[in-house]
Structure formats: C-alpha cells, structure tokens
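# Structural description and commentary
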There are 2 protein chains.
Amino acid sequence: MIDEIGQRAKDASHSLRESTGHVRQTALEAMSSAVLHGEDEILSANEADMDLASAEGITGALLDRLRLTPDRVAAMSRGLATVASLPDPVGRETGGWSLYNGAQLHRVRVPLGVIAVIYEARPNVTSDAAGLCIKSGNAVILRGSSYALGSNTAIAGTLRDALGRSGLPEDGVQLLQDTGREGAKALMQATNWVDLLVPRGGPGLVDAVRREATVPTVIDGAGNCHVYVDSSADLDKAMRIVLNAKVQRPGVCNAAEKLLVHRDVAAGFLPDVIDALRGEGVEVRGDAATAEIVDDVIPAVPDDWSTEYLDLVIAIAVVPDVEAAVTHVRMHGTGHTEVIVTEDRSAANRFVVGVDSGVVGVNVSTRFTDGEQFGFGAEIGNSTQKLHVRGPMGLESLTSERYVLYGDGQVR
Amino acid sequence: MIDEIGQRAKDASHSLRESTGHVRQTALEAMSSAVLHGEDEILSANEADMDLASAEGITGALLDRLRLTPDRVAAMSRGLATVASLPDPVGRETGGWSLYNGAQLHRVRVPLGVIAVIYEARPNVTSDAAGLCIKSGNAVILRGSSYALGSNTAIAGTLRDALGRSGLPEDGVQLLQDTGREGAKALMQATNWVDLLVPRGGPGLVDAVRREATVPTVIDGAGNCHVYVDSSADLDKAMRIVLNAKVQRPGVCNAAEKLLVHRDVAAGFLPDVIDALRGEGVEVRGDAATAEIVDDVIPAVPDDWSTEYLDLVIAIAVVPDVEAAVTHVRMHGTGHTEVIVTEDRSAANRFVVGVDSGVVGVNVSTRFTDGEQFGFGAEIGNSTQKLHVRGPMGLESLTSERYVLYGDGQVR
C-alpha cells in the first residue's frame, strides 16, 4: 500500500517540480478559497471526530486542539493565502561560477520531492503542511492522528479538488488512511519514495522515528527553553518576558521551562517574579539559592533541569555570571530557543556566541520561535536538529540546491 | 568509550565554533605544513599497513587506494592549503528582517558541531575530512578502516599537534581506534554527540547506516550515472565524453555506467563508440536495438539498468526521444550525475528540468562531479540524498543556519 501511495506521490512530485511558480501560486489561492467553501463539510466531519474522541475519553487541551470552529477554518484559509503570496523559493540561482576548463556551474534551488509528515490530532496541520509543500513544489504524504481522520479527510479532499482544478496533480496531497503504528512505520521506511520525513509530536514519536526511520528526517523535538536574566537586565523587561514566555501558552514547545538569574539581581528580582508567576498559577521549583531568597520554593531535583514540562511549572537557578548560564544551557538545553535579558552588549554577545540553539533571543520572549511570527506564513515544524535547517521550518526548508554544469565537450 | 570521545568532541566543537576564521585558517596552514614535515612517519606507518594488508590478501585497486607515496602526501598537504585559503562560510549573515513588532531577526551561518565520518582504507580521506571540518568550525570523529589504522593514526596525530600549536583544541580531530562493527554502530547511534554522520563506502555500509543510524546522516550513495546522446548531439563531443566518463577512472562513483542513445543517431554513433569502448577494454551490454546495430553485444538483463558496475562494463539502450531518456533515468538513476550531449537548447532544457539528480551536465563528462573539480578544495563526500545538500560536499555543507532575534522587551 505504501508503495502505491509512494509511487503516486513521486509521479506528482515530478509534475510539481516542473510546474511554474505562477501555477503553484494560483493553486494555493484556489486551496485557500476551497477551504472556506468547504467549511460546512469540514466542520461536520470535525464534529463527528470530536464526538468520537469525547466518547473515548479525550478531554482538555487535546480535545481543544482537535476542535475546528468557523474562526479556525478561516485561519487555515488565511494561512494558505499568505503562503500563496510568499516569494517562490524554487528555481532561484544561489551561486554560479566557471570551472578552470570553462564549463559553467550553476547552483539552483529545487524542491526536495516527496515530504512525509506524521502529526497529532491537529487538523490545521493538514492544510498548513499541504500548503507549504505544494508552494515549494513538493508532493506531501500526510499521516495524522486517528482522532482527526474525518476532519483530515475532509480537508485533504477539499485541497485535492482545488489542486486538480488548478492543473496540478491531486496526488500532490495524499492522506494516509492507515493511522496505526504500521502505517507510520511503513512511511518511516519508504526509502524509495520519501525524501524528507518531519515528525511532529511528543518524545514517543521522536524516539520511534530515531529508532525506526530509514528515510531522511528532520526532528521537531523538545523545547526545554531557557530565559537568562543578566545582572545588567532591565528588570521590567525581564518580568514581562518571563511571564509571557512561561504563561501565555504553556503547552507549546517555545514556552520557557527554566529561568536562570544572575546572583547580583537575584535578591531584587526573584521575589517579584515568583510572586507574579504564582499569581498566574505557576508552580515554582528552584535551586538552594532561590529557596534562600523566596519561601516555599519546591526544591528542584536533577531531572528538573532537563525536563520539558509543557505545563504551568518553572524551575529557577541562580548563576554567578553569563558564562555559567551558557554552561547550564549547554548541559541541559535542547537547542530550541534560549533568551538573554540584558542591557549589556558584551553579555548579549557572549550569550549569543556561546549558546548554540536554533534560535537565540536578546530581550524578547521565547514565544517568537514560530513560522508565522517569523513571517513564513506557516511552519511545517520546528527543527531541533542541526542538519539543513534549524528553528521554524518554512518554504525554503522544503528545498535543497543542486548543480547544473554547462560545457562544450569538456572531459578530464 | 564513545561517550568519552563524544564529550571531548562536543567540548572541542564549542571552542571551534567560537574561534575566529583567521585562527582556523592559520590552523589549516599549520596542518598543511605538518603533513609535509611528518612525511617520513606517515610513510613508514603506511608501509606497515601495506605489509599487513598484503599479508591478508588485499590486492589490486583496494591495495592501491591504501598506498601512500611522497606525491600523495604532498597532495594531501596541498589539499589542506587550498581549503585554508577558501572563504570562511561561518558567521555569514544569510538573511535578516524586522518582525512586525520591531524585533530584528538575523539568519546566520553556523557550524553543525560534531561531524562523524566512516570511510574505507583511503588514508587521504583522514586529512581531507579533518581539514574541511576544522575550516568550517566543526569537530570531527574519524572512523577509518582497520587496514589503514596505522596510517590514519600517524596522519591524525600530526594534524592534532598542528591544531594544538595553533591554539585550537587537539580534540577537534579524533580518530576512533575501534575499527570493528561495534565501533561503527556506537558512532551511528551517538545521538548525544554527533550532529552529522557521513558514511563513505559501498552498499553494505550505506545499508547498515540506513538500518542502524539514529544520528542525522547524509548518504554518500551509489552513482549509476547516465550519459544520454541526443539526436542533435555533436557526435565528436559525444564520443569524447562517453569514453572519458566510462574509462578514465571506472572504479569511482562519478564514472558513467549507462549510455542512452537517440534512435535517429544510433546507427551512426553506436558502431564507432562501441568499437572505441572495446578498444579500451570495456565489456559492452545492450538492449535489443543496440544488438541489431552492432555484433556481439551481450544482452542486458533487467538488473543491468540499475547496477553500478564500478568496472569496465557499460550497458547501452536506444531511446525514441529525450522524454524517454528522462523516464529511463527516473526509473533507474540514483540521483548522482546525469549528462546530456546535445546542440539543441530545448532538448538540454527538457533534460535538465526533467532529471532530478544532484548534478546534471550538458555536454560535459560525468567525471566533474567532485569537490576538487568544483573548486571546494576537497570533498567530505558526495550526497545522493536530497536533504540539506546534494552533490559534492564542501565547506558550506558542514554548516547550517540559525536565527538570532534582537528585541527591546517584545512579548506576544
């Protein structure tokens, strides 16, 4: 079965690679309209998914992520329209030079081919991923959660129709109906067909991909994000940033999980910030130095420093200087996003150079690590590995570069 | 053991990432001189390796690749000097824009971190790989063949000394002494330490990497390279290119393995080219149409079309047009290098667009797919996967891009 789907995706990828940017832009606009026109069908499929999920005991944040509303459908449509309007990354010449023998070498940006995405019960990923892949000239094979199968089928069907009407192959977007483990495994090992697999999910999925995948992958991994408040920090900014980074949306990967505070400002800053965090319902854990300054801090155990809580919990450590903050991040960070709050340019530089994360911020919230915030229209994932692309993955992350060499009979 | 080596590599990678391009250039120059000064030691270690390999029955091309001579040591030194002089890819800003909230986003080229290379008994890879990695700010863990262990140890020792004298950590270059399967497997699964693994070897190694590796990899895979001679080809150029691509060095991945000929020129071209190939000792296999034109052509079986011979063998097919050549390559090619010989611009364009290989050539030999030929000084491998980098892998292929976001207290 995966071979049939793979062959169809590969065939579609050739047509997409050869299509013009104009045709792909028009197709994205058609996909954007189609989602709006298909709203009733999509919402009723989603309602059925929600009923089934509720019956199986899904609640809270998980159920909320599954839910579609007219607003959320409109947001999906807007996302596709934004991606439609972005510059086309494909076909751009990114380098070119003459060889010693006069042959002309051109380096050209090209689509990867067939992208596979494995994701959780978030139906909007279906249209985000499809839009980014088609715009960048790739075919996509989507493998969502069983809970969202009805919603995803409705959305993918709508997008496929729009593709076909635009003169592009419908099989540019395919939804894997097998939502079991075997379906995922087959996709992870489809080396004949899949050029890039992006797993979007928790540690279980990431571990399975590391263990099972034989196709190239970019890992969308954990975000154990740090905010470091330097001795030179503007403490008002620090307060605003820590609160926003921790509580604005605690369940996502770019939320802050750890706070490091320079010892010179610890006594002045920690009582206020811990008070404010607790006021937002955050459970505060800390090292011995933190507990000396503020009452009722839960002692942090070693595991705390490497844990991504994805919840209203934070662990705080007092550090002697920026160097110690860098060392702490190197030991415990996941390479996602780290932020320094400082008014001292040399401290900022030291942090930026010393910390090797996909996104490093100075005086900003960690919450900006996001394709939409970066201006990519949407994101297909957030890379925490270093190969090929780091941080939010937009259109360019779905392309590579190849060489074309023009000669006049040159041999070696 | 891998954890000790990995930790040392990771520590070294931080120093290398923070080093200036000037220091790394100086280190490369020191490495280049050191190889020359260490020539006696390197050659005598190599002699011992050669004796041992001969005693174990290694002969022919394999033994020749293991052999070092004063000329080959000088070439290693020259390679390091060339890489030293190349522009520094690290630290370059490759993009930058303001977010809607005024925060300034910078995209900056950075080293990957720790590179692992698994390779066969070719001691020159030790210095090529080390040079490219250090110049691009990465630490490298080298795992060569047991046959070359003495030579590799001598070369790596020389390079480590030079690194230390240049103020960079010696552990920027480490040679894995465990040359068994377990050593390779440990390296393939060192997810805590290795940011990129490049396997350079035959199908056995590539399969093992696909199966076992949990670290990010770029596959240096097979080259089932095609030359297509179009109806509009200049047949003198075609003759020169086919001969060079097939016989100049048949054992390497960028040698041609297949010849496709447009039917309109088959009767005029095939007798001459097959005669010339046979004169160079090439065994000629072919499809029915080829056998009708030339006597004693060995009938090609289906497997021939997907086989990388790495030997003086070629398989020839007659095709009705450029479209059929594109389809043939899509079915059987490995994405390495394909060449069209044509004087017709539209045929060239059709081939270039239709064939999705890392390198596509027009009127040139396939043999140019090579880091040195492309001007990269050396290559750490030749990617036949599409993720992140395709074709010859030079300095830039050992870097990625990350984001730095400067703000003034922005929150969401």
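Going along each chain's sequence as written, the residues are numbered from 1 onward. Numbering of ligands from 1 and lettering of chains from A proceed in the order in which they are written. With the structure being a predicted model, the display of local features is reserved for residues of pLDDT at least 70 and the display and counting of side-chain atom pairs for 80 or more, all residues being used for whole-chain, interface and lining totals. Note that the side-chain values use all heavy atoms of the structure and ignore hydrogens as well as water.

What describes a pair of aromatic rings is the distance from one ring centre to the other and the angle between the planes of the rings. Side-chain rings of Phe, Tyr and Trp, where Trp is taken by its six-membered ring, are said to pair if the distance between their centres is within 6.5 Å; with planes under 30 degrees apart they count as stacked, over 60 as edge-to-face, and otherwise as tilted. Under the defined criterion, the tally for this structure stands at ten aromatic pairs over all chains. With a centroid separation of 5.0 Å and an interplanar angle of 65 degrees, the aromatic rings of Phe374(A) and Tyr403(B) are classed as edge-to-face. Pair noted here: Phe374(A) is in helix H15 (residues 371–374) and Tyr403(B) is in strand E16 (residues 399–410), and the two residues belong to different chains. Each of the two residues, Phe374(A) as well as Tyr403(B), counts as buried. Every member of this aromatic cluster is reached through a ring pair, and the members are Trp97(A), Tyr403(A), Phe374(B) and Phe376(B). What counts as a helix is a DSSP run of H or I of at least four residues, what counts as a strand is a run of E of at least two, and both are numbered from the N terminus. The rule is simple: take the accessible area with a 1.4 Å probe, protein chains only, and divide by the maximum for that residue type; under 20% is buried, over 50% is exposed, in between is partly exposed.

Contact criterion: two residues are considered in contact whenever any of their non-hydrogen atoms come within 4.5 Å of each other. Each side of the interface is counted separately: chain B has 74 residues, and chain A has 74 residues. Once two parts are brought into contact, the accessible area they lose, counted with a 1.4 Å probe and summed over both, makes up the buried area. Both faces combined, the contact of chain B with chain A buries some 6,300 Å², and carbon together with sulfur accounts for 52% of it. Each reported salt bridge corresponds to a side-chain nitrogen of Lys or Arg within 4 Å of a carboxyl oxygen of Asp or Glu. Counting every contact that joins chain B to chain A gives eight salt bridges. As a salt-bridge pair, Arg330(B) and Glu18(A) come within 2.5 Å of each other at their nearest N and O atoms. For the purposes of these results, a polar contact is taken to be a pair of N or O atoms within 3.5 Å, where, inside protein, one atom must be able to donate a hydrogen and its partner to accept one; residues adjacent in sequence count only when each atom of the pair is a side-chain atom. There are 41 residue pairs in polar contact (both at pLDDT 80 or more) connecting chain B and chain A. The set of elements that each furnish at least two residues to the side of chain B that touches chain A consists of helix H1 (2–18), strand E2 (104–111), helix H9 (203–212), helix H10 (235–247), helix H14 (345–354), strand E13 (359–364), helix H15 (371–374) and E16 of chain B. Per-element tally for the side of chain B that touches chain A: the top contributor is E16(B), with eleven residues. Gly is put with the polar residues, along with every residue not named as nonpolar or charged; the nonpolar set is Ala, Val, Leu, Ile, Met, Phe, Trp, Tyr, Cys and Pro, and the charged set is Asp, Glu, Lys and Arg. In terms of residue class, the side of chain B that touches chain A is built from 30 nonpolar, 23 polar and 21 charged. One requirement defines pairing of two strands: DSSP has to find at least two bridges between them. Relative to E16(B), strand E13 (residues 359–364) of chain A runs parallel, the two being bridged by five bridges.

A few words on the layout of surface pockets. Cavity: a set of points on a 1 Å grid over the protein atoms alone where a 1.4 Å probe fits but cannot get out. Pocket: an open set with protein on both sides within 12 Å along at least five of seven lines, its lining residues, like those of a cavity, having an atom within 4 Å of a point. Grid points are joined across faces, edges and corners, and a volume is the space filled by probe spheres set on the points. Looking at the second largest pocket, its volume works out to about 1,400 Å³. Forming the boundary of the second largest pocket are 50 residues, of which Arg109(A), Glu401(A), Arg109(B), Glu396(B) and Glu401(B) lie nearest the centre. If you list the elements that add at least two residues to the lining of the second largest pocket, you get strand E1 (93–98), strand E2 (104–111) and strand E16 (399–410) of chain A together with strand E1 (93–98), E2 and E16 of chain B. Classifying every residue of the lining of the second largest pocket by side-chain character gives 21 nonpolar, 15 polar and 14 charged.

So, about the pattern of salt bridges. Evaluation of the coordinates by the stated rule reveals 39 salt bridges over all chains. Between Glu283(A) and Arg285(A) there is a salt bridge, and its shortest N-O distance comes to 2.8 Å. Under the relative-accessibility criterion, Glu283(A) is labelled partly exposed at 31%. Salt-bridge contacts for Glu323(B) lead to Arg350(B); the nearest nitrogen and oxygen are separated by 2.7 Å. A residue pair is termed long-range when its members are at least 10 positions apart, and Glu323(B) in helix H13 (residues 322–332) and Arg350(B) in helix H14 qualify at 27 residues.

Here the focus is empty space enclosed by the protein. In this structure the tally under the stated criterion is one cavity of 30 Å³ or more. Taken together, Leu405(A), Thr337(B), Val339(B), Val359(B), Gly361(B), Val364(B), Ser365(B), Thr366(B), Phe368(B) and Thr369(B) make up the full set of residues lining the largest cavity. When contributions to the lining of the largest cavity are tallied by element, the ones reaching two or more residues are strand E12 (337–341) and E13 of chain B. At three residues, E13(B) tops the list of elements feeding residues into the lining of the largest cavity.

Aligned on chain A, chain B shows an RMSD of 0.0 Å; the corresponding rotation is 180 degrees and the shift along the axis is 0.0 Å. The superposition of one copy onto the other is thereby described by a two-fold rotation axis. Superposing the copies works by least squares over the C-alpha atoms of residues that have pLDDT at least 70 in both of them.

The strand order across the open sheet formed by ten strands is E10(A)-E9(A)-E11(A)-E8(A)-E7(A)-E12(A)-E13(A)-E16(B)-E2(B)-E1(B), and the pairing between neighbours is mixed. Both edges of this open sheet fall to strand E10 (298–299) of chain A together with E1 of chain B, since each of them pairs with a single strand only. Orientation is described by axes fitted as lines to C-alpha atoms, over the contacting stretch for helices, and by angles from 0 to 180 degrees between their N-to-C directions. Across the face of the sheet, helix H13 (residues 322–332) of chain A comes into contact with strand E7 (225–229), strand E8 (256–262), strand E11 (313–319) and strand E12 (337–341) of chain A while running at roughly 175 degrees to E7(A).

Residues and elements named next belong to chain A. Mapped onto the fold, Leu395 is located in the loop between strand E15 (391–392) and E16. Given the relative accessible area of 8%, Leu395 is considered buried. Sequence separation of Leu395 and Pro199 is 196 residues, and the distance between their C-alpha atoms is 17 Å.

Confidence scores labelled pLDDT are given residue by residue by the predictor and lie between 0 and 100. Chain-level pLDDT for chain A is 93 on average; 100% of the residues reach the 70-or-more range. Predicted complex metrics record ipTM = 0.87 and pTM = 0.90.

Further remarks concern the environment of Phe374(A). According to the relative accessible area criterion, Phe374(A) is buried, its value standing at 1%. Separated by 20 residues in the primary sequence, Phe374(A) and Gly394(A) place their C-alpha atoms 9.2 Å from one another.

With that settled, the discussion passes to the pairing of strand E11 (residues 313–319) of chain B. Residues and elements named next belong to chain B. With seven of its seven residues buried, E11 lies for the most part within the structure. What you see with E11 is no split at all: Val313, Ala315, Ala317 and Val319 on one side and Ile314, Ile316 and Val318 on the other are buried throughout. In the sheet, strand E8 (residues 256–262) pairs with E11 via five bridges, with the strands oriented parallel. What sits directly across from His262, in E11, is Val319. Sheet topology note: the strand E9 (residues 283–286)/E11 ladder contains four bridges and is parallel. Opposite Glu283, over in E11, you have Val313 as the bridge partner.

Let us now look at unusual backbone geometry. Backbone geometry at Asn363(A) places phi at a positive 60 degrees, although glycine is not the residue there. Tracing the sequence through the fold places Asn363(A) in strand E13.

Residue and element names in this part refer to chain A. Structurally, the position occupied by Asp49 is in helix H3 (residues 39–55). Only four residue types enter the tally: Lys and Arg on the positive side, Asp and Glu on the negative side, with His and both chain ends excluded. For the buried Asp49, no salt bridge exists, and the shortest N-O distance to an oppositely charged side chain is 12 Å, to Arg72. A polar atom in the side chain of Asp49 sits 3.2 Å from the backbone nitrogen of Gly150. Filtering out sequence-adjacent residues up to four positions away, Asp49 remains in contact with Leu66, Tyr147, Ala148, Leu149, Gly150 and Ser151.

With that settled, consider the sheet that holds strand E7 (residues 225–229) of chain B. Strand order in this open sheet of ten strands is E1(A)-E2(A)-E16(A)-E13(B)-E12(B)-E7(B)-E8(B)-E11(B)-E9(B)-E10(B), and the pairing throughout is mixed. The sheet is open, and its two borders are formed by E1 of chain A together with strand E10 (298–299) of chain B, each paired with just one other strand. Two elements, E7(B) and E8(B), share five bridges in a ladder whose sense is parallel. The partner of Cys225(B) across the bridge, within E8(B), is Ala256(B).

What follows deals with helix H3 (residues 39–55) of chain B. In an α-helix, one turn spans 3.6 residues; hence positions three or four apart end up facing the same way. All names here are of chain B. A helix is expected to reach a length of 1.5 Å times the quantity of its residues less one. Helix length check: H3, at 17 residues, gives a terminal C-alpha distance of 24 Å against a target of 24 Å (1.5 Å per residue), a fit within 8%. Restricting attention to buried positions, one finds in H3 the residues Ile42, Leu43, Ala45, Asn46, Asp49, Met50 and Ala53. In a view along the axis of H3, the buried residues occupy a sector of 160 degrees, so they form one face of it. Facing away from the buried side of H3 by more than 90 degrees, the exposed set consists of Asp40, Glu41, Glu47, Asp51, Leu52 and Ala55. The arc in question is the one traced by the directions running from the helix axis out to the C-beta atoms.

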